[in-house]
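An overview of the molecular structure
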Amino acid sequence: MHERSMLFGDDQGLVGTVCVPDGTARDVALVLFNAGVVHRVGPHRLHVKLAREMASHGMASIRFDLHGMGDSLRSGMTTGHGEQVVLDLRAAMDELQRASGATRFALLGFCSGVPQSVAAALADPRVASVLLYDGFALKTRRARMRYLGIRFRAHGFTLAAMRLWMRRAVQAAAESMRRVAAPSRAEAKSARDTAFAQLRSLRERGVDVVVLAAGSDYSEFNYRDQAREAMGPYAEGLRFGFLDAVDHVLTSRKAQQDYIAWIRNALLQQAQAETPAQAPAPTLMCNS
Amino acid sequence: MHAVVLCNPFGQEAIRAHRLYRVLGDRLAAAGFEVVRFDYFGSGDSAGDDEAFDLLGAVNDAVGVAEWTWARGHATRLSLLGLRLGGSVAMLASSRLTTPPSHLVLFEPVLDGARYLEQLVSNNERTLTEIFGSRWKIDPNLRVRNLPPEGEYESLGFVLGQGLRHQLGELLPMARPWQGRCAYALALTREVPQLAHWQACAGSTRLNVREAASEIDWATNSAVNTAIVPMHWIEQTLEFLQGTSAYA
């Protein structure tokens, strides 16, 4: 494996590090970029570790900072942020193609990187796979009940706890009524349906779409099939994973190892299942 | 030209400090300084696994980068700057350079290595307790899955290897006198009284200790306020390095 940091992009304003395996690299290479505002090394240096792990399995990668993030310059262009991100991701694919010979790419969207990865995949036919980590709010009724149950178990059934729960229940009911009355509810549903339809169109194009969620404190995700259930008919053909014992930013080293192993397996499984047009719907993988 | 080498802190503090170093580097460069930012071996984007990082290695890397900066031939003066453990690295490296730095800037330097280590370890468990919420209390398997095994230590995703743990106590004991070698030093700290013994034995260094006037938690795991830049530190650093402040 060898690594090289460089400036790239039309304005030479993007900063990234290419990691290329020894010997022949796979045809699919991995693109890693900012998770929130964390620079290209990723939360807890996760992207560095993942890049090296994938290189040991023959897959090249680039980890880079979008314009205005990390070490990269602000963009001098007048395009909107969303368009600029797509341009940056395409520039990273160009650079990785030059460095490794790869012609197809997997994009890893971490949290806020999820819609950015989807947008780039829609724009660039070289994208073979999108791995979407903790970027969707997909609460189901079952998830809400399970979370409530966990909270009850943790806080017990003493008088003080009961009072606390009564207060919370009143607050939750009021909040629920406000949400139902709010016009933004319909807009949110519409935005969600649009996002799901985009995933379906990617899948129809042969892109491997992987939705991965962390258990964290169970307030958002708390059972294996939650994302699949929440997406209903849009879930067909997508792959889903649930990392029960990890938190959103993968704080412990064991959580990082679980996450890296899961992503590695997903990428290698997809690489083995190539010829995407004929590929059967991949099996559910889960690490819980 | 006046060159400034920025020495990173450790672990999550380095992640959090990245934006500060970027903005500080840009401001210094705009003011005519040559600025060098780098990652120690076993950290950031540099080679080496997390396990390879230790304090002595970081000091060696800082010395190597400073000597490399001199060797480029652009610099007529060189200074070192560091936040938290990076400040300690800068101070320790200054005494090992062939040509001592003119200025040292220490942002909230680690004063007591043993206490710092205790804080890193306790911060890890406290953070896990907070992020897993109710689950942490009732799920022993979750704790087993996330806490390091007996005899191993980590802090917010970064391993605390045996070498690092030993060196923190050995090289940074609380009572140890000032270990820097430079003409001028500026320390911004929340622990002004604890630095009195440094001022008493700074020798030929004109050491100025000032209140940091900042409540930023550099070691937090929370994404909220991750990109943080105390601009008054940058202004004070510029004034100090340019010799326009009352302190140099």
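Residues numbered from 1 in each chain as written. Chains lettered and ligands numbered in written order. Predicted model: local features only at pLDDT ≥ 70, side-chain atom pairs only at ≥ 80, totals over all residues. Heavy atoms only, no water.

Concerning the overall build of chain A
- Within chain A, the secondary structure is distributed over eight helices and eight strands.
- The C-alpha radius of gyration computed for chain A amounts to 20 Å, which stays within 12% of the reference 19 Å derived for 288 residues, consistent with globular compactness.
- Seen through its C-alpha atoms, chain A measures out along the principal axes to roughly 65 × 40 × 35 Å.
- Looking at the 288 residues of chain A, the share that counts as buried comes to 52%.
- Residue pairs in contact within chain A that sit at least 24 positions apart in sequence constitute 72% of those at least 6 positions apart.
- For chain A, the exposed area adds up to about 12800 Å²; of that, 56% sits on carbon and sulfur atoms.
- When the 36 positive and 28 negative side-chain charges of chain A are each reduced to one mean point, those points stand 9 Å apart. (Helix = DSSP H or I, 4+ residues; strand = E, 2+ residues; numbered from the N terminus. Rg over C-alpha atoms; globule rule 2.2 N^0.38 Å. Buried < 20%, exposed > 50% of the residue type's maximum accessible area, 1.4 Å probe, protein only. Contact = heavy atoms within 4.5 Å. Areas by Shrake-Rupley, 256 points an atom, 1.4 Å probe, with all protein chains shown as cover. Lys, Arg positive; Asp, Glu negative; His and termini not counted. Charge placed at Lys NZ, Arg CZ, Asp CG, Glu CD.)

Topic: the interface of chain A and chain B
- If you look at the interface, chain A gives 43 residues, while chain B gives 38 residues.
- Carbon and sulfur atoms make up 46% of the area that chain A and chain B hide from each other, which totals about 3100 Å².
- Summed over the three residues of chain A that lose the most area to chain B, namely A:Arg45, A:Arg253 and A:Lys254, the buried surface amounts to 22% of that side.
- For the interface between chain A and chain B, the tally reads ten salt bridges.
- A salt bridge links B:Glu51 to A:Arg253; its shortest N-O distance comes to 2.5 Å. (Buried area = accessible area lost by both parts, 1.4 Å probe. Salt bridge = Lys/Arg side-chain N within 4 Å of Asp/Glu carboxyl O.)

Looking at the pattern of salt bridges
- Considering all chains together, one arrives at 31 salt bridges over all chains under this definition.
- A salt bridge links A:Asp65 to A:Arg40; the shortest N-O distance between them is 2.8 Å. Of this pair, A:Asp65 sits in strand S4 (residues 61–65) while A:Arg40 sits in the loop between strand S3 (28–32) and helix H1 (46–55); the two residues are 25 residues apart in sequence, bridging distant segments of the chain. You'll find A:Asp65 and A:Arg40 in the same group, each marked buried.
- As a salt-bridge pair, A:Lys49 and B:Asp50 come within 2.8 Å of each other at their nearest N and O atoms. Taken together, the residues span two chains, with A:Lys49 in helix H1 and B:Asp50 in the loop between strand S2 (34–37) and helix H2 (55–71).

A look at the packing of aromatic side chains
- Tallying each qualifying case throughout the model produces 15 aromatic pairs over all chains.
- Ring geometry for A:Tyr133 versus A:Tyr259: centroids 5.0 Å apart, planes at 75 degrees, classification edge-to-face. Linking A:Tyr133 in strand S6 (residues 127–133) with A:Tyr259 in helix H8 (residues 253–272), this pair joins segments that are 126 residues apart in sequence.
- Taken together, a centroid distance of 5.8 Å and an interplanar angle of 50 degrees make the contact between B:Tyr40 and B:Phe53 tilted. Residue B:Tyr40 is found in the loop between S2 and H2, and its partner B:Phe53 is found in the loop between S2 and H2; the two are separated by 13 residues along the sequence. Side by side, B:Tyr40 and B:Phe53 carry an identical accessibility label, which is buried.
- The ring of A:Tyr223 carries the charged tip of A:Arg142 above its face, separated from the ring centre by 3.8 Å.
- In this structure, B:Arg135 packs its charged tip against the face of A:Tyr218, placed 3.6 Å from the ring centre. (Phe/Tyr/Trp six-rings, centres within 6.5 Å; stacked < 30°, edge-to-face > 60°. Lys NZ or Arg CZ within 6 Å of the ring centre and 35° of its normal.)

Remarks on the pairing of strand S4 (residues 103–107) of chain B
Residue and element names in this part refer to chain B.
- Burial of S4 is extensive: five of the five residues sit out of reach of the surface.
- Between the parallel elements strand S3 (residues 77–83) and S4, the chain passes through helix H3 (residues 85–94) in a crossover that is right-handed.
- One ladder, built from five bridges, connects S4 with strand S7 (residues 184–189); its direction is parallel. Bridge assignment links histidine 103 to a residue of S7, and that residue is tyrosine 184. (Right-handed = clockwise from strand over helix to strand, strands pointing away. Pairing = 2+ DSSP bridges.)

Regarding the sheet that holds S3(B)
All names here are of chain B.
- In space, the six strands of this open sheet follow the order S2-S1-S3-S4-S7-S8, with parallel pairing throughout. Single-partner strands in this sheet number two, and they are S2 and strand S8 (206–211). Strand-to-strand twist across the sheet, computed as the mean angle between neighbouring axes with direction ignored, equals 15 degrees.
- Sheet topology places strand S1 (residues 2–7) next to S2; four bridges connect them, and they run parallel. Counterpart to leucine 6 in the pairing with S2 is arginine 37.
- In this fold helix H9 (residues 231–242) packs onto S1, S3, S4, S7 and S8, with an angle of close to 165 degrees to the strand it touches most, S4. (Axes fitted to C-alpha atoms, helices over the stretch in contact; angles between N-to-C directions.)

Points about the packing of helix H2 (residues 81–100) of chain A against helix H3 (residues 113–123) of chain A
Residue and element names in this part refer to chain A.
- Contact pair H2 / H3: the axes reach a minimum separation of 9 Å and the direction vectors enclose 65 degrees. Taken together, the axes of H2 and H3 are roughly perpendicular relative to one another. With respect to the hand of their crossing, H2 and H3 are arranged in right-handed fashion. Between H2 and H3, the residues in contact are His81, Val85, Val86, Leu89 and Arg90 and Gln116, Ala119, Ala120 and Ala123, respectively.
- In terms of residue class, the contact of H2 with H3 is made up of six nonpolar, two polar and one charged. (Parallel < 35°, antiparallel > 145°, perpendicular 65-115°, else oblique. Left-handed = near helix turned anticlockwise from the far one by under 90°. Nonpolar A, V, L, I, M, F, W, Y, C, P; charged D, E, K, R; others polar.)

Some points on the sheet that holds S6(A)
All names here are of chain A.
- Taken in spatial order, the eight strands of this open sheet run S1-S2-S4-S3-S5-S6-S7-S8, and their pairing is mixed. Strand pairing shows two members of the sheet lacking a second neighbour, strand S1 (2–8) and strand S8 (239–243), which therefore form its edges. On average, adjacent strands in this sheet sit at an angle of 20 degrees to one another, irrespective of strand direction.
- In the packing of helix H6 (residues 184–204) onto the sheet, contacts are made with S6 and strand S7 (208–214), and the angle to S7 comes to roughly 135 degrees.

Quick look at the confidence of the model for chain A
- Overall, the prediction assigns chain A a mean pLDDT of 90, with 93% of residues at 70 or greater.
- Taken as a whole, residues 275–288 of chain A scores under 50 in pLDDT and shows 36 contacts with residues more than four places along the chain or in a different chain. (pLDDT = per-residue confidence, 0-100.)

A few points about helix H1 (residues 11–30) of chain B
Residue and element names in this part refer to chain B.
- Between its first and last C-alpha atoms H1 spans 29 Å; for 20 residues at 1.5 Å apiece the expected length is 28 Å, and the two agree.
- Roughly 45 degrees is the biggest bend found in H1, and it falls at alanine 17.
- Burial analysis of H1 places 14 of its 20 residues in the buried class, the great majority of the element.
- Just past H1, the residue glycine 32 takes up positive phi, approximately 100 degrees. (Expected span 1.5 Å × (residues − 1). Bend = angle between axes of the 7 residues up to and from the residue.)

Describing unusual backbone geometry
Residue and element names in this part refer to chain A.
- We note that arginine 45 has phi near 65 degrees; this positive angle belongs to a residue other than glycine.
- Mapped onto the elements of the fold, arginine 45 is located in the loop between S3 and H1.
- Assessed through its relative accessible area of 2%, arginine 45 is described here as buried.
- Positive phi values are uncommon outside glycine, yet leucine 250 reaches one of about 55 degrees.

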